[in-house]
Amino acid sequence: MKVKGSWTVAAATLLFYSAGSAYSAQPAMQNIGCIIEPDEVVDVGSPVVGVIRSIVKRGDNVRKGAVLAVLQNDIDRAALTVAQSRASADAEERAAVANYDFSRQRRVRAEELLRKEFISKQALDQAIAEDEIAKEKLSQVREQRRVLQREAALARQRLAERTIRSPIDGIVVERYLTTGERVEEKPIVRVVKIDPLRIEAILPSALYGNITVGSTARIQPEALNAAAVTASVTLVDKVLDAASGTFRVRLQLPNPDGAIPAGLRCKAEFAALAHLAKPKATAATPVKPPTPIPPPRSK
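Residues numbered from 1 in each chain as written. Predicted model: local features only at pLDDT ≥ 70, side-chain atom pairs only at ≥ 80, totals over all residues. Heavy atoms only, no water.

Throughout the structure, instances matching the rule amount to 22 salt bridges. The partner of Lys116 in a salt bridge is Glu112, and the shortest N-O contact between them spans 3.6 Å. On the basis of relative accessibility, which here comes to 36%, the residue Glu112 falls in the partly exposed class. Linking Arg248 and Asp237 is a salt bridge whose minimum nitrogen-to-oxygen distance equals 3.2 Å. Placement of the pair is Arg248 in strand S11 (residues 246–253) and Asp237 in the loop between strand S10 (229–236) and S11, with a sequence separation of 11 residues. With a relative accessible area of 45%, Arg248 lands in the partly exposed category. The buried category is assigned to Asp237, whose relative accessible area is 19%. (Salt bridge = Lys/Arg side-chain N within 4 Å of Asp/Glu carboxyl O. Buried < 20%, exposed > 50% of the residue type's maximum accessible area, 1.4 Å probe, protein only. Helix = DSSP H or I, 4+ residues; strand = E, 2+ residues; numbered from the N terminus.)

Below, the structure written as structure tokens:
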């Protein structure tokens, strides 16, 4: 009886390790830890130094190109007005055109009179010279006007730099300065994009190759009463971290109504890993019980 009991313990131990090996050979495949982050985070600054005249409030929703802050711009506005006035003034150009037309007509008449021998060749040369001078004067005036137009464009650009606009659609989550403060190198506001959201997950290197761009995952945010959502893979790192034996995966999660806040931890279950999560059925090798030792015969 003791021998039978010993065989039972040995067989049970063998079956346990045989069945357990199917699990121990597989890495952790589901409920992978992740974090939900904004898709973009931008600290918006100013290209010029100035004093803030107006600024958005923390929590404001902004669209790309929306005004975030306006700096004092009275001097730049006045400079633009002057530059535009000079660029639009055409009196000098009109005078140069009239002078050129007149000199052209004089040259034509001089050529005709010379053919009739009413004037000398010297008079014609003088008319030709005056015509060329008038032509060059007109070219000079037009070039000067183009320079004034470029100066007006530069003044317009300088004025535009005093209006700080949002580079993305998002929410103002931080305001570093307020009205009346001087802007230098420090950012003015922070804008984050939360539609879509970005999810970062770290997976063991043994799973590399199972997940590709376009794969989906069930995301469970670690928040009270938060419903599970579906995200899609947008990036799989091409370089593994040899020290930790892991690689990173980035997913995109649509969030049109902003119901999911950024900064939450989460758990991810990848659809591509579902087949790996199930242990393969392995047939246990039957173990032949040892031959019972017959009891000694009594003499």
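Here the narrative resumes.
Another point: the environment of Arg94. Topologically, Arg94 is positioned in helix H3 (residues 91–115). Measuring from C-alpha to C-alpha, the distance between Arg94 and Arg142 comes to 10.0 Å, with 48 residues separating the pair along the chain.

Before going further, it helps to spend a moment on the layout of surface pockets. Estimated volume of the largest pocket: approximately 210 Å³. Every residue lining the largest pocket is counted, 13 residues in all, and those nearest its centre are Asn61, Arg63, Asp169, Gly170 and Asp195. Of all the secondary-structure elements, those providing two or more residues to the lining of the largest pocket are strand S3 (61–62), strand S6 (170–175) and strand S8 (189–204). Take the lining of the largest pocket: its biggest share by element is 4 residues, from S8. Class assignment for the residues of the lining of the largest pocket results in 5 nonpolar, 4 polar and 4 charged. (1 Å grid on protein atoms, 1.4 Å probe; cavity = no way out; pocket = protein on both sides within 12 Å on 5 of 7 lines; lining within 4 Å. Points joined across faces, edges and corners; volume = space filled by probe spheres on them. Nonpolar A, V, L, I, M, F, W, Y, C, P; charged D, E, K, R; others polar.)

A few words now on helix H4 (residues 121–160). Here H4 contains 40 residues, and its C-alpha end-to-end distance of 59 Å stays within 8% of the 58 Å for a straight helix at 1.5 Å per residue. Within the sequence span of H4, burial applies to Leu124, Ala127, Asp131, Ala134, Leu138, Val141, Leu148, Ala152, Ala155 and Leu159. Residues of H4 that are buried sit in contact with helix H2 (74–88), H3 and strand S5 (163–165). (Expected span 1.5 Å × (residues − 1). Contact = heavy atoms within 4.5 Å.)

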